[in-house]
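# Structural overview for review
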Amino acid sequence: MKLRPVSSKKDIKLGDAHARWDGNGKSEKELERLGEKESARIAELQRVFYADGRFAVLIVLQGRDASGKDGTIRKVFSSVNPQGCTVSSFKVPTELEQRHDFLWRVHQQIPARGMIGIFNRSHYEDILVPRVHDLVPKKVWSARYDQINEFERMLTENHTVILKFMLHISRDEQKKRFEERLADESKNWKFRAGDLDDRKHWDLFTKAYRGILENTSTDWAPWYIVPADDKDLRDVLVARTVADTLESLDLRYPKPDPSLAGIRVE
Ligand code: ATP
């Protein structure tokens, strides 16, 4: 049970049925246990990753409203040492941000070496929102595919490992989650009237996501589509991909300093 990176158009399946992975054969309890196991793997690997200090890891989370970006961060990274992790949420750009190029605010949040940086939304909003809401001409948002690819290439050539997850939920699941947010006082604050407006543009968002997945899943910064209707399964799949990636870096603790040999602490 592993995610595969998007490597061609045929990997891009964004129908409602693709938001589930039925037949994974696991009960809710088993998935929860697997999720915890993968999160513990990340926590263990993060210790050596931090000490090794050669790489940064950037994890980009994208998805429609209520697709579970917050929940994924909470569950998958719960056991990570907070000193080695940053989370950046990208909202509607401020006036100052709008006066800069769209990657200006993003570059400032790129993790330093030794750090895991998580993006809750990202520079991909700068293609999605203008495209769906027709805010700028096509030539402006479509040029951003190449601009982002080059930006991400530069980052990977400078020790940043990039993983991008699109949390894919179905229309029914989003409806259910919105209804929960409206009914439950403790979740009410998460609901914005604008969420319903974006829901009306469901097909336009699908088209915009398809464009992104087609044009920006690269060897150096791959996209993974996560079937995200089932939260426990979502967590296992994301956590496993992150843990496998950390493991593939051949991390090691720095060599002991020879001048410390023989020192005795009285
Ligand atoms: P949810 O949890 O429902 O997914 P959220 O809490 O992540 O939402 P909100 O605070 O509701 O996010 O809002 C973030 C809003 O900012 C989104 O509507 C998003 O599209 C918008 N946004 C982020 N980046 C940009 C951008 N570059 N241009 C325009 N809008 C943007």
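Structure: above.
In what follows, the accompanying structure is described. (Residues numbered from 1 in each chain as written. Predicted model: local features only at pLDDT ≥ 70, side-chain atom pairs only at ≥ 80, totals over all residues. Heavy atoms only, no water.)

Before going further, it helps to spend a moment on the nonpolar core. Within the largest apolar cluster, 36 residues are counted, with the highest numbers of intra-cluster contacts made by Ile42, Phe49, Ile59, Phe165, Val242 and Leu246. Going through the elements one at a time, helix H1 (28-52), strand S1 (56-63), helix H2 (69-76), strand S3 (116-120), strand S4 (160-168), strand S5 (223-227) and helix H10 (231-247) are the ones with two or more residues in this core. The greatest single-element share of this core, amounting to eight residues, is contributed by H10. For Ile42, the contacting residues outside a window of four places in its chain are Val76, Val80, Ala239, Val242, Ala243 and Leu246. The next biggest cluster of nonpolar side chains, apart from the first, holds 30 residues, and it includes Val6, Tyr124, Ile127 and Ile162. (Core = buried A, V, L, I, M, F, W, Y, C linked by side-chain atoms within 4.5 Å. Buried < 20%, exposed > 50% of the residue type's maximum accessible area, 1.4 Å probe, protein only. Helix = DSSP H or I, 4+ residues; strand = E, 2+ residues; numbered from the N terminus. Contact = heavy atoms within 4.5 Å.)

Here we have five strands laid out as an open sheet, ordered S2-S3-S1-S4-S5, and parallel in their pairing. Only two strands of the sheet have a single partner each, and these edge strands are strand S2 (85-89) and S5. When strand polarity is set aside, the average angle formed by the axes of neighbouring strands in this sheet is 20°. Where S2 and S3 come together, five bridges link them in parallel fashion. (Pairing = 2+ DSSP bridges. Axes fitted to C-alpha atoms, helices over the stretch in contact; angles between N-to-C directions.)

Further remarks concern the environment of Tyr50. By secondary structure assignment, the location of Tyr50 is in helix H1. For Tyr50 and Gln83, which are 33 residues apart along the polypeptide, the C-alpha to C-alpha distance reads 9.4 Å. The contacts of Tyr50, once residues within four sequence positions are left out, are Gln83, Gly84, Gly114 and Met115.

If charged atoms from side chains of opposite charge come close, those side chains can pair. For the structure shown, the criterion picks out 23 salt bridges. Of the charged contacts in the structure, one is a salt bridge between Arg121 and Glu125, with a shortest N-O distance of 3.1 Å. Residue Glu125 is classed as buried on the basis of its relative accessible area of 13%. We note a salt bridge from Arg171 to Asp203, for which the minimum N-O separation is 3.2 Å. One end of the pair, Arg171, is in helix H7 (residues 171-183); the other, Asp203, is in helix H9 (residues 202-216), with 32 residues separating them in the sequence. Overall, the relative accessible area of 34% leaves Arg171 in the partly exposed class. Among the ionic contacts, a cluster of salt bridges with common partners joins Lys2, Glu38, Arg41, Arg240, Asp244 and Glu247. (Salt bridge = Lys/Arg side-chain N within 4 Å of Asp/Glu carboxyl O.)

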